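Residue-level listing of the chains:
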Amino acid sequence: MAAAGMVAWSCSAVVLFGVASYVVFEGLKRWRVGLRLSALDESLLYDDGVSVEVITDAPTGSSIVGGVVAEFVEDHRD
């Protein structure tokens, strides 16, 4: 029975260590990303560990079409 108890405690310790190290790693990663954001580091756009969301301000009812370049068209009516 003592050996089974030791195995159970060892497994629990391994799991707790894994969870704690994951939490610490994520905290450090988010802290570093915050520092890079405050430094306006442009390499964040190409970092695989960071996802980039595109947020666009537009009037209600607008739609976004991918791959189309907007160009200014002058009105030549007289």
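Residues numbered from 1 in each chain as written. Predicted model: local features only at pLDDT ≥ 70, side-chain atom pairs only at ≥ 80, totals over all residues. Heavy atoms only, no water.

A. Local environment of the overall build of the protein. If you tally the helices and strands in the protein, you get one helix and zero strands. Rg of the C-alpha trace for the protein: 26 Å, well past the compact-globule value of 12 Å for 78 residues, more than 25% over. With the C-alpha coordinates aligned to their principal axes, the bounding extent of the protein is approximately 95 × 30 × 20 Å. The buried share of the protein, reckoned over its 78 residues, is 3%. (Helix = DSSP H or I, 4+ residues; strand = E, 2+ residues; numbered from the N terminus. Rg over C-alpha atoms; globule rule 2.2 N^0.38 Å. Buried < 20%, exposed > 50% of the residue type's maximum accessible area, 1.4 Å probe, protein only.)

B. Structural detail: the pattern of salt bridges. For the coordinates displayed, the defined rule picks out four salt bridges. Measuring nitrogen to oxygen at the nearest pair gives 2.9 Å for the salt bridge that ties aspartate 47 to arginine 36. Taken together, the positions of aspartate 47 in the segment after helix H1 (2-38) and arginine 36 in helix H1 put the pair 11 residues apart, joining distant regions of the chain. Taking the relative accessible area as the measure of exposure, arginine 36 reaches 24% and is therefore partly exposed. Salt bridges linked by common partners bring Glu26, Lys29 and Arg30 together as one network. (Salt bridge = Lys/Arg side-chain N within 4 Å of Asp/Glu carboxyl O.)

C. Region of interest: a nonpolar patch on the surface. Taken together, the side chains of Val15, Val19, Tyr22 and Val23 present a nonpolar region at the surface, about 410 Å² in accessible area. Along the chain, the position of tyrosine 22 falls in helix H1. Residue tyrosine 22 is classed as exposed on the basis of its relative accessible area, which comes to 54%. (Patch = residues over 30% accessible without salt bridge, like charges linked within 9 Å, V, L, I, M, F, W, Y side chains within 5 Å. Areas by Shrake-Rupley, 256 points an atom, 1.4 Å probe, with all protein chains shown as cover.)

D. Just unusual backbone geometry, in detail. Located in the positive-phi region is leucine 40, a residue other than glycine, with phi close to 55 degrees. As for its placement among the helices and strands, leucine 40 is situated in the segment after H1.

E. Broad picture of the environment of valine 50. Relative to the assigned elements, valine 50 resides in the segment after H1. If sequence neighbours within four positions are ignored, valine 50 has contacts with Val33 and Leu44. (Contact = heavy atoms within 4.5 Å.)

F. Spatial organisation of H1. Under the 1.5 Å per step criterion, the end-to-end length of H1 is 54 Å for 37 residues, consistent within 8% with the ideal 54 Å. In the segment just after H1, leucine 40 is the residue with positive phi, at about 55 degrees. (Expected span 1.5 Å × (residues − 1).)

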